[in-house]
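Each chain, letter by letter, is given below.
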Amino acid sequence: MKFATRLNSFKNKSIVETIDQIASVQGLTHVDLNYPEHFQNNSVEEIKDALKRNNIKLNGIAPRFRSQFINGELGNSDPVIARKAIDLCKESIDICRELGGSNITIWLGYDGFDYAFQLNYAKVWKQVVKAIQEICEYGHDIQVSIEYKPFQPRAYSLISSYGDTLLMINDAKCSNLGATLDFCHMLMKAENPSFGLSLVAEKNKLFGVHLNDGNKLNDDGLIVGSVNFAQSLEFIYYIKKYSYDAVVYFDTFPEREDPLAELKTNIAMYTKLNDLVDGIGMDKIQSIIDQNNAIAAQEIMLGCLK
Ligand SMILES: [Mn+2]
């Protein structure tokens, strides 16, 4: 299994210090870096050295759009700003290549709307399709993954669900374009995470997984399995069923907790859930699902409580 974790809760002076710190955790194999924020105090060379000496690989780069993009990124109505958003993604691709990563994860937090009559939906959608095509062409040798979130900071996001994401993938028609599923974001949308995972994976478009937990309407970023145990167990079952072997990134926010201890707990919880699935057995679980019987489905939960 390959694991990475969110780095922003580690209150170090530099990202190199954080990489050195998390490297001590057994099972942590990768990092994801935000561009440009994680490259403010360290050069690309310094980060490359830190990854090498700690035997940690770069998973990918996540472009982070700052305040100039507050009214939209790839879909901004100002062509100068929309171009800057594309450029930021291309720069993220350059750094990803240099550090040996495999993907960039694009979360369009500001492409969306807050009011009725505020956005020309079809025009902006087509503009974003074109922008993503250009980014995918530039990054032809790496995966470009869309991480959707239904709302926050906007009242409505342009790409707000796995359905929207699959529509964008279908419209853009780029073989290196896929989806990153964030468990909390799926809960916010009142989706059952495994249903989305299944549909995305069936199309071979599951490029990334962000695991965490939450109380549905907010992006809580809580410890894996701490709130929605059954949905988390089911999600890991489907991760295994579809042989997803890319990185699982813990997108959690230990603001009051020791972030290192929190990371260890996420790995321990994932490992436990994974072991529970193995203990019951993939075939046994599939045979229960195939019954389409709610009472039979509880055998799985009872099996976990033995
Ligand atoms: Mn996420």
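Residues numbered from 1 in each chain as written. Predicted model: local features only at pLDDT ≥ 70, side-chain atom pairs only at ≥ 80, totals over all residues. Heavy atoms only, no water.

Asks: Explain the overall build of the protein to me, please; I cannot follow it from the model alone.
Replies: Counting its secondary structure elements, the protein contains 11 helices and 10 strands. For the protein, whose C-alpha radius of gyration is 19 Å, the value lies close to the compact-globule estimate of 19 Å for 306 residues. Seen through its principal axes, the protein has C-alpha atoms that stretch 60 × 50 × 35 Å. Counting the 306 residues in the protein, one finds 54% classified as buried. Taking the contacts inside the protein whose residues are at least 6 apart along the sequence as the reference set, 78% of them involve residues at least 24 apart. For the protein, the accessible area works out to roughly 14200 Å², and carbon and sulfur atoms hold 52% of it. Of note, the protein has its 31 positive side-chain charges centred 2 Å away from the centre of its 39 negative side-chain charges. (Helix = DSSP H or I, 4+ residues; strand = E, 2+ residues; numbered from the N terminus. Rg over C-alpha atoms; globule rule 2.2 N^0.38 Å. Buried < 20%, exposed > 50% of the residue type's maximum accessible area, 1.4 Å probe, protein only. Contact = heavy atoms within 4.5 Å. Areas by Shrake-Rupley, 256 points an atom, 1.4 Å probe, with all protein chains shown as cover. Lys, Arg positive; Asp, Glu negative; His and termini not counted. Charge placed at Lys NZ, Arg CZ, Asp CG, Glu CD.)

Asks: Teacher, can you tell me more about the side chain of lysine 149 here?
Replies: Within the secondary structure layout, lysine 149 lies in the loop between strand 6 (143-147) and strand 7 (156-157). A polar atom in the side chain of lysine 149 sits 3.5 Å from the backbone oxygen of glutamine 152. Only 3.4 Å separates the side chain of lysine 149 from the side chain of aspartate 219, close enough to count as a polar contact. Not counting residues up to four positions away in its chain, the partners in contact with lysine 149 are Trp107, Ser157, Ile159, Ser160, His185, Met188 and Asp219. (Polar contact = N/O pair within 3.5 Å; in protein donor to acceptor, adjacent residues only side chain to side chain.)

Asks: What is the right way to read the state of the cysteines from this model?
Replies: By definition, a disulfide links the sulfur atoms of two cysteine residues through a covalent bond. For the coordinates displayed, the defined rule picks out zero disulfides. With no disulfide partner, cysteine 96 has as its closest neighbouring cysteine sulfur the one in cysteine 89, 12 Å distant. (Disulfide = S-S within 2.5 Å.)

Asks: Mind showing me how you'd approach the UniProt feature "domain: Xylose isomerase-like TIM barrel" (unreviewed entry) in the protein here?
Replies: As recorded in UniProt, the feature "domain: Xylose isomerase-like TIM barrel" (unreviewed entry) lies at residues 35-268. Helix makes up 42% of residues 35-268 and strand 15%. Its end C-alpha atoms lie 29 Å apart. (UniProt positions renumbered as here; feature names shortened; annotations may be inferred.)

Asks: Explain the pairing of strand 2 (residues 30-35) here, please?
Replies: Two faces, one strand: in a regular strand the side chains alternate between the faces of the sheet. Most of strand 2 sits inside the fold, with six of its six residues counted as buried. Residues His30, Asp32 and Asn34 point to one face of strand 2 and Val31, Leu33 and Tyr35 to the other, with burial holding for every one of them. Sheet topology note: the strand 2/strand 3 (residues 57-63) ladder contains six bridges and is parallel. Looking at the pairing, tyrosine 35 lines up with proline 63 of strand 3. (Pairing = 2+ DSSP bridges.)

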